[in-house]
Each structure stands twice: as structure tokens, then as C-alpha cells.
Amino acid sequence: NQEVEIMIKEYFSEYKNIFYYQNNPSLGHDGNFLNTLSLPSSDYIWLIGDSVGLSPGSIQEVLKIIDKFSPEIIAVNFKDRIQTPSKEYKSMMHADPKAVFDLFAWHLTQTGVTIYSKKVIDYLKNLKIENEKVLSNKNFPHISLIFNFLSTDCSFYWISSNLIYSSGVKDSYWRKN
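Rules of the game
- Sequence order sets the numbering: in each chain, residues are counted from 1 along the sequence as written.
- Two thresholds apply to this predicted model, a pLDDT of at least 70 for residue-level local features and 80 or more for giving and counting side-chain atom pairs, whereas whole-chain, interface and lining totals are computed over all residues.
- Think of the side-chain values as coming from all heavy atoms in the structure, minus any hydrogens and water.
- Under the DSSP-based scheme used, a helix requires at least four consecutive residues in state H or I and a strand at least two consecutive residues in state E, with every element numbered from the N terminus.
- In what follows, residue pairs with any heavy atoms lying within 4.5 Å of each other are defined as contacts.
- The method behind every accessible area is Shrake-Rupley, applied with a 1.4 Å probe, and residues are considered shielded solely by the protein chains displayed.
- By convention a nonpolar core is built from buried Ala, Val, Leu, Ile, Met, Phe, Trp, Tyr and Cys residues, the set being connected through side-chain atoms within 4.5 Å.
- Each residue is assigned to one of three classes by its accessible area relative to the maximum for its type, calculated with a 1.4 Å probe on protein chains only: buried under 20%, partly exposed between the two thresholds, exposed over 50%.
- Salt bridge, as applied in this entry: a Lys or Arg side-chain nitrogen positioned within 4 Å of an Asp or Glu carboxyl oxygen.

### Quick word on the overall build of the protein chain
Working step 1: A count of helical and extended segments in the protein chain gives six helices and six strands.
Working step 2: Helices and strands appear in the protein chain in the N-to-C order α-α-β-β-α-β-β-α-β-α-α-β.
Working step 3: Of all intrachain contacts in the protein chain linking residues separated by at least 6 positions in sequence, the fraction that spans at least 24 positions is 79%.
Working step 4: For the protein chain, the accessible area works out to roughly 10,700 Å², and carbon and sulfur atoms hold 53% of it.

### Digging into the nonpolar core
Working step 1: L37, V62, V76, L108 and F156 are the most contacted members of the largest nonpolar core, which totals 41 residues.
Working step 2: Apart from the residues within four sequence positions on either side, L108 is in contact with A75, V113, T114, H142, I143, I146, F147 and F156.

### Concerning the pattern of salt bridges
Working step 1: Summed over all chains, the structure comprises three salt bridges.
Working step 2: Between K98 and D102 there is a salt bridge, with the nearest N and O atoms lying 2.8 Å from each other. Highlighted residues: K98 and D102, both in helix α4 (residues 97–108), separated by four residues, approximately one helical turn.
Working step 3: For D122, the salt bridge identified is with K118, shortest N-O distance 3.7 Å. Taken together, the residues D122 and K118, both in helix α5 (residues 118–130) and four residues apart, mark about one turn of the helix.

### Section: unusual backbone geometry
Working step 1: For S70, which is not glycine, the phi torsion reads 50° and is therefore positive.
Working step 2: Position of S70 among the secondary structure elements: in the loop between α3 (58–69) and β3 (73–78).
Working step 3: A residue is classified by how much of its surface remains accessible, and S70, at 40% relative accessible area, is partly exposed.
Working step 4: Positive phi outside glycine occurs at K79, with the angle close to 55°.

In C-alpha cells form, the structure reads like this:
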């Protein structure tokens, strides 16, 4: 999208951590999602689409959780969809990935609510190499990634604050299906 590229270029000189990639030809939602997650080399990646905005203070709140708990996967609330208080779910604390699944799976279908650690991204790269079918859930490859990873290392933190919101730009493309 040329409008996005022009807008982003304005920020390149001021912010050194903004990158712009355009897939040509288009990879579609799933391919774009998986490819985009594998591009950065940072310790954490928060993939946010063009229909999601960040609430003031969101990044600071996430950084506090990373500094204190270093979870591999962080999920944030959106429009008070889940009333569960913020909490760490970790294998050593007898957390069960099934409990995380039961509480949060439907919420995690929203692409922008999840922050992934480098360890999860490395796991994604291995999953892609070992078995493409694991990530073949149409429109929801991130659900496969999240719960395949949590089944090996349940390191999940739930932030109950509404850190993202709908920017109202567009409706989900798959809603009609």
C-alpha cells in the first residue's frame, strides 16, 4: 500500500526501529503473518495490523511485564473481552497449557493481542521447517503456533488491561465466512 509506505517513510529518520516490508506478490493473511513474525531479530515481537491501535501506556505496561516475568507469550485484553485478572501462567507454577487454552483461546484469535518472544519465533522457524501442516489453520496460524509452543513450554502472561483497540479502519476480512 503506497499510502502506508509514504506515511512510514516520514518516521524513518526519527525512529531507527521502524521497518517496512511489502510482499510482492502478496502472501495472503496466513503467509504474511508467518513471514512477518520471522523478519525481526528483537527479543519480543508485537504484530499489530492496520485495524488495531495501541492505548496510551501500552508499550510501557508490556515492558514492565517483560522486565519482571520474561514470559515467552504475552496476551493483552481488548474491549474488556475477558474479565480474568492479570496473571502469570508458567510450567514451574503448575500452569497447564489446557487452562490457558480454556481461558484465552477464543481471545487469541485476534491477531494483535499477542506478543511473542524470540524463543517462540525460533520455535516457529523450526515448526515451518519440520511440518507445514501444523501451521495450516486457515486464518489462524498463530493459534497453532501459540498452543504448539505452550505445550512444550507453558510461559504465558495475561494482561487484563485493554492495551489495544479497534481503529475502525476495516472489518475482519474473514467475518463473512
